[in-house]
Amino acid sequence: MSVELKSAAALDVMRESGRINAEVRALLIEAVRPGVTGIELDTLAKQAIAERGAQPTFVGYAPGGKPPYPGAICYSVNEQLVHGIPNSRALKEGDIVSIDLGVTYEGYVTDAAVTVGVGSVSDKALELMQTTEQSLWAGIEAARAGNRLGDISHAIGSCAKHYGIVRGYGGHGVGRQMHMEPHIPNYGRAGTGIRLQAGMVLALEPMFAVGDPDTEEISDGWTVVMSDGKLSAHFEETVAITGDGPEVLTRIA
Ligand code: MF3
Ligand code: CO
């Protein structure tokens, strides 16, 4: 289960972790332009996290025998869905790139991602990004004590319109570790699943595709791509369920 924030102090540390995550993501978004490489963005992220007294959660992450993840960010361009490894290929005008960032501050993790356009992008790409981001905020609205997990999944999935909903990946609990229970599918039935309670912290991360939602992992052991080679988008925020409703810990000011 996700961290159960029993004390106000733990929530405050999660808030600080989220604030750092948002600040660093804002710097990264500003740095995205034609010609920039994933390695440059990753270096910027590592510096900015260190300057803030925090650690990059993803570096060295190696679940279930996978090769240790090398980056502070995941950097996934166009048909790459998630977990792309930063490389030295330059971004070009019209690309869309998902930048996913994990920050650990005093032992508490926040996880958040945004997909941004490089220079001006096609209407098709813009619409995909907007719809995916809207579904994230619909999911956040449903992250309320007394609701069920399926209410979040249903809220996200209901926004997908004609897009393919990726089934193999989803959101998760977050707290002392990055990936905690429960797994949160981006589709589902309202009124089903575990009951949500104040103190739970969840990373919601919708992933929608222009084409078929099937994915595969490439030979680097990490990068997940769309099997049909078509565009995909990914957004993520870390959300605390409080007595006053959802609090988005990683929100960019
Ligand atoms: N937000 C991504 C996820 O929950 C972060 C993955 S980090 C990696 O899957 F190190 F595993 F790539
Ligand atoms: Co995540």
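Coordinates for the structure precede this section.
Notes on the packing of aromatic side chains
Two aromatic rings, taken as a pair, are described by how far apart their centres are and by the angle between their planes. Within this structure, the stated rule accounts for three aromatic pairs. The interplanar angle of 40° and the centroid separation of 6.5 Å between the aromatic rings of Tyr61 and Trp222 together place this pair among those described as tilted. With Tyr61 in the loop between strand 1 (55-56) and strand 2 (73-77) and Trp222 in the loop between strand 11 (215-217) and strand 12 (224-226), this pair connects stretches of sequence that are 161 residues apart. With a relative accessible area of 24%, Tyr61 lands in the partly exposed category.

Remarks on the pattern of salt bridges
Going through the model one piece at a time under the given rule, you end up with twelve salt bridges. In this structure, Arg19 and Glu23 form a salt bridge, with 2.4 Å as the shortest nitrogen-oxygen distance. With Arg19 and Glu23 both in helix 1 (residues 8-31), this residue pair falls four residues apart, about one helical turn. Arg19 gets classed as partly exposed once you look at its relative accessible area, which sits at 42%. Judged by its relative accessible area of 30%, Glu23 is partly exposed. A salt bridge links Lys161 to Glu127, with the shortest nitrogen-to-oxygen separation between them at 3.6 Å. With Lys161 in the loop between helix 4 (149-157) and strand 6 (164-165) and Glu127 in helix 3 (residues 123-141), this residue pair connects regions lying 34 residues apart in the sequence. Of the residues examined, Lys161 reaches a relative accessible area of 55% and is grouped as exposed.

Some thoughts on the side chain of Thr131
Turning to its location among the elements, Thr131 is positioned in helix 3. Classification of Thr131 as buried rests on a relative accessible area of 2%. The contacts of Thr131, once residues within four sequence positions are left out, are Cys159, Ala160, Lys161, Tyr163 and Phe208.

Some points on the site of ligand 1
In the neighbourhood of ligand 1, 13 residues make up the surrounding shell, with His83, Asp100, His179, Glu205 and Glu236 lying closest. In this structure, a nitrogen atom belonging to ligand 1 sits 2.7 Å away from a side-chain N or O atom of Asp100. In this structure, a nitrogen atom belonging to ligand 1 sits 2.8 Å away from a side-chain N or O atom of Glu236. For the shell around ligand 1, a count of residues per class yields six nonpolar, three polar and four charged.

Description of the nonpolar core
Counting 68 residues, the largest nonpolar core has Val24, Val32, Leu41, Ile73, Val97, Ile152 and Leu204 as the members making the most contacts within it. It is helix 1 that provides the largest number of residues to this core, a total of eight residues. Contacts of Leu41, omitting those with residues within four sequence positions, involve Leu28, Ala31, Val32, Val36, Ile73, Tyr75 and Ile99.

Observations regarding the coordination of the cobalt ion (ligand 2)
Summarising the metal site, the cobalt ion (ligand 2) is bound by the protein donors Asp111 (OD), His172 (NE2), Glu205 (OE) and Glu236 (OE), whose distances to it range over 2.0 to 2.2 Å. Coordination geometry of the cobalt ion (ligand 2): the six donor atoms subtend angles of 74 to 167° at the metal centre, consistent with an arrangement described as octahedral. Sequence positions of the residues that donate to the cobalt ion (ligand 2) give the spacing D-x60-H-x32-E-x30-E. Of this pair, Asp111 sits in strand 5 (residues 108-117) while Glu205 is found in the loop between strand 9 (201-204) and strand 10 (207-209), placing the two residues 94 residues apart along the sequence. The same class applies to Asp111 as to Glu205, namely buried.

Comments concerning the packing of helix 3 against helix 4
It is at 8 Å that the axes of helix 3 and helix 4 come closest, and there the two elements cross at 155°. By the angle between their directions, the pair helix 3 and helix 4 is classed as roughly antiparallel. The two elements helix 3 and helix 4 meet at a crossing, and its hand is right-handed. On helix 4, the residues that touch Ser135, Ala138 and Gly139 of helix 3 are Ile152, Ala155 and Ile156. In the contact of helix 3 with helix 4, the residues fall into four nonpolar, two polar and no charged.

What counts and what doesn't
Residues numbered from 1 in each chain as written. Chains lettered and ligands numbered in written order. Predicted model: local features only at pLDDT ≥ 70, side-chain atom pairs only at ≥ 80, totals over all residues. Heavy atoms only, no water. Phe/Tyr/Trp six-rings, centres within 6.5 Å; stacked < 30°, edge-to-face > 60°. Helix = DSSP H or I, 4+ residues; strand = E, 2+ residues; numbered from the N terminus. Buried < 20%, exposed > 50% of the residue type's maximum accessible area, 1.4 Å probe, protein only. Salt bridge = Lys/Arg side-chain N within 4 Å of Asp/Glu carboxyl O. Contact = heavy atoms within 4.5 Å. Near = heavy atom within 4 Å. Polar contact = N/O pair within 3.5 Å; in protein donor to acceptor, adjacent residues only side chain to side chain. Nonpolar A, V, L, I, M, F, W, Y, C, P; charged D, E, K, R; others polar. Core = buried A, V, L, I, M, F, W, Y, C linked by side-chain atoms within 4.5 Å. Donors = N, O, S within 2.8 Å, 3.2 Å for Na, K, Ca; no water. Tetrahedral: all angles 85-135°; square planar, octahedral: opposite > 155°, others 65-115°. Axes fitted to C-alpha atoms, helices over the stretch in contact; angles between N-to-C directions. Parallel < 35°, antiparallel > 145°, perpendicular 65-115°, else oblique. Left-handed = near helix turned anticlockwise from the far one by under 90°.

Any functional reading would require information beyond the geometric quantities listed.
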